[in-house]
Structures are given as structure tokens and as C-alpha cells.
Amino acid sequence: MRAAVLRGGTVQARTVDDPVPGPGQLLVRSLACGICASDLHFMDHPEAGVDDDSGMSTYDQDVDIVMGHEYCAEVVDYGPGTERRIPVGTRVSSLPVLATPAGRRIIGQNPESPGGFGELFLLTEAITRVVVSDLPSEVVCVADAISVGWSTASRAQLTANEAPLVIGCGAIALSAIGRLKGLGVAPIVAADLVASRRATALAMGADVVVDPAEVSPYEVWRNAVGSRSSCVVFECVGVPGVLDSIIKGCERGTRIFSVGGPPEGDHLHTLTAKRKGINIQFGGGPSMDHWDEAFRAVCSGSLDVGPMLGHTVGLGGVPAALDAARDADGPARIIVVPGS
């Protein structure tokens, strides 16, 4: 098959062996796959996984890795021991985890679990979901990105006496904003240095946007919420220093949901956090229930992800698209269409 292959820190399109489905696995054809910031973190920071002995995410620079974990695909064939409940040709997606005899692997972040930047890849049948929608695959594939912010916003369980402040307006932040809007939370204040991202945040449901280079987001938040006393911050940047700046700038008693996670780590003023009584929840992927909810919302169109979408590229365009995805002024999602 053809694939955009990561090896030795660079990506190039070439021919590699077709993956072979094992027990409980499906062979699927990639129809569309989003480029995520996690792909960039994975390829740019191989040292980030050194202390992870789970085997779920493994970057060996001397072997081929096919990235891509936000996908819409169609069933091609079945591995041994499968129920074969989903007919060949059916459009599907799944939480990007592949069950293998050696343990679970993140799809697109392991040599054993190639992803959607190739023509073919493997899924775990038990968690594969059928696409019940007429929407294009380029739209459906964004559901996994939506699920992360969706889950974070759902887990936050904002009360009537709390109001959100979203720091950063990338894809995860935008999905959190969309979910908060759907839950009836208001006002939603969002901050980003880039004007185009602030515009997208408004399109996804933010009520107020702010350029933190011009005015303090916390001041804007205070003016927007009026008498409300409790702030819930969603940190969605993933750059060292941002979480610490939130700790130093936020209100006393703030709850922070940090999903940015800079691969190189960070330094936090924990004494300041202690004195302010700040509660920080770090990351965590979506639960299966939250993933399913987000998937249904995208497929049904009840959550419009159109404002997040940029252009599409074929496999030969993946290296340049990865570089373009580093541009904060670009779209939240560039979509890879292997068959184009």
C-alpha cells in the first residue's frame, strides 16, 4: 500500500507492506484522516515517551511508523475470531486504540498499529462504530478530535455559579467550546493570540473572545461574568509556561482542566497554586461513552464542525501539510485523503 511514513524524524510518501488483521481486528481503508497536534508532538519529541513503559505509544526512529488517529474508513476484510457484524464496504470509525496480542497500542503512534495516513490500517472490531450519516468522510473523521474537548467539558460539570475561560483556540479548545455551548453554559470566554482562531471560536459558540497580548483574559472574564465568583479554566495550548501563567493569573479557588500537555514538560509555581486553593485536572483521553456521544453529534450534524475544517491533501502532500499544521494562523484541521 501507499502511505506517508515517519522514519528518522521525517515523513515521506512511499510503498510499504499491507497490514494483516490479527485476532479481533478489522482491515479498513482510510477515507479521510485529520492531522492533529499530537502527530506533531509525537514526531518532534521522541524523548517524551522514554519513561512510558506501557508500549501504547512507541517511537522507534529506525522503523516505519504510519501516523494518523482521527479517521473515517471503510471495512475491507476481517481477522480471525471476529464477529463480522459490520459488512465490507461500511464506513466506520473508532477510538484510536488497537488491541494486539502484546497489549493495547495507540493507532498511528506505534509500528504495530499503523494509522490513517496510509491506504490501509487496522481497527479493533469490538470498539468500531458504524457511521450513520450522509456527511462526507472529511467531516466525520474530526469526531475523535471533538471527543477530547467534549469529554473534558462534560467532566467539568460546571455549576450555575461557575463560568468557563478557555485558553487557546485550537481543535481541542474548539470542541470544548462546542460542547459547553450545547450544555447551555454561558458566557463562554475564549482567549487566543491569533485572530483567525478567535473568529473560529466565535463560530463554534464562544460568547466573548480576547487577545491576551492586548488585555488580561481574567479581566475580560470578570467583566463578562459579573457577579459570578468561580472560574473554570480550560488550558488547551500545550506550550511550556502557559499553565503556570494561569496559576499566577487566575482567581482564587479556580478549577483548571489542563489538556495541553507540552511534551517537554513544564515548571509550575505549586506554592501559588496551594495558596489560591487551585484544583488542577490533567488531561486523560475521552471515555468510551464520551467518544460515542461526540461521534454521534458529529455524524448527526448536531455539532457543526465546519468552521474547524481546512483544505485536504493526498499522501504526497502530507509532509507539507504537517509543516502547515504548525502554523497557528492555519485551520484547526487539515484533512488527509489517501485516495485522492
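Note: the structure precedes this text.
Residue indices follow the written sequence of each chain, beginning from 1 at its first position. Whole-chain, interface and lining totals are the exception, using all residues; otherwise, since this is a predicted model, local features are given only for residues with pLDDT of at least 70 and side-chain atom pairs are given and counted only at 80 or more. Side-chain measures were taken over the full set of non-hydrogen atoms in the model, leaving aside hydrogen atoms and water.

A. Main features of helix 10 (residues 318-325). Looking only at helix 10, the buried set comprises Val318, Ala321 and Leu322. Looking down the long axis of helix 10, one finds its buried residues gathered within 105 degrees of arc, a one-sided arrangement. Opposite the buried face of helix 10, at more than 90 degrees from it, the exposed residues are Ala320 and Asp323. Tucked into the core, helix 10 has its buried residues touching strand 1 (2-7), strand 2 (10-15), helix 1 (37-44), strand 17 (309-313) and strand 18 (333-336). Any residue under 20% of the maximum accessible area for its type is buried, any over 50% is exposed, and the rest in between are partly exposed; the area is computed with a 1.4 Å probe on protein chains only. Secondary structure elements are taken from DSSP: a helix is a run of H or I of four residues or more, a strand is a run of E of two residues or more, and numbering for both begins at the N terminus. Here, the arc refers to the directions that run from the helix axis to the C-beta atoms. The contact criterion used throughout is that any non-hydrogen atoms of two residues lie within 4.5 Å.

B. Summary view of the sheet that holds strand 14 (residues 230-235). We treat two strands as partners when DSSP finds at least two bridges between them. A sheet is described by the order of its strands in space; here 6 strands give the open sequence 13-12-11-14-15-16, paired in parallel fashion. In this open sheet, the two strands that pair with only one neighbour each are strand 13 (208-210) and strand 16 (279-282). The sheet shows a mean angle of 20 degrees between the axes of neighbouring strands, taken without regard to direction. Axes, fitted as lines to C-alpha atoms, cover a helix only where it is in contact. Angles between the N-to-C directions of the axes lie from 0 to 180 degrees. Taken strand by strand, helix 3 (residues 143-156) contacts strand 14, strand 15 (255-258) and strand 16, and its axis lies near 160 degrees from that of strand 15. On the sheet, helix 6 (residues 217-225) packs against strand 11 (162-167), strand 12 (189-191), strand 13 and strand 14 and is oriented at approximately 150 degrees with respect to strand 11.

C. Up close: the packing of aromatic side chains. Only Phe, Tyr and Trp rings are paired, with Trp represented by its six-membered ring, and only when their centres lie within 6.5 Å; those with planes under 30 degrees apart are stacked, over 60 edge-to-face, the remainder tilted. Considering all chains together, one arrives at 4 aromatic pairs under this definition. Measuring from ring centre to ring centre gives 5.7 Å for Phe234 and Phe257, while their planes differ by 20 degrees; the resulting arrangement is stacked. Here the residue Phe234 occupies a position in strand 14, and Phe257 occupies one in strand 15, the gap between them amounting to 23 residues. Comparing Phe234 with Phe257 shows no difference in burial state: the two are buried.

D. Structural view of unusual backbone geometry. Following Ala186, the chain continues to Pro187 via a peptide bond in cis, the omega torsion being -10 degrees. Inspection of the secondary structure assignment puts Pro187 in the loop between helix 4 (171-182) and strand 12. A positive phi is found at Gln157, a non-glycine position, where the angle reads about 45 degrees. Tracing the backbone shows Gln157 in the loop between helix 3 and strand 11. Relative accessible area serves as the criterion here: at 62%, Gln157 is assigned to the exposed category.

E. Structural view of the sheet that holds strand 4 (residues 65-66). Taken in spatial order, the 3 strands of this open sheet run 2-1-4, and their pairing is antiparallel. Only two strands of the sheet have a single neighbouring strand rather than two, namely strand 2 and strand 4.

F. Representation of the pairing of strand 8 (residues 103-106) in the model. In the sheet, strand 7 (residues 97-100) pairs with strand 8 via 4 bridges, with the strands oriented antiparallel. Residue pairing for strand 8: Thr100 is matched across the bridge by Gly103. The loop that links strand 7 with its antiparallel partner strand 8 comprises 2 residues.

G. Here's a closer look at the side chain of Arg179. Within the secondary structure, Arg179 sits in helix 4. The contact partners of Arg179, leaving out residues within four places of it in the chain, are Trp150, Ala153, Ser154 and Glu293.

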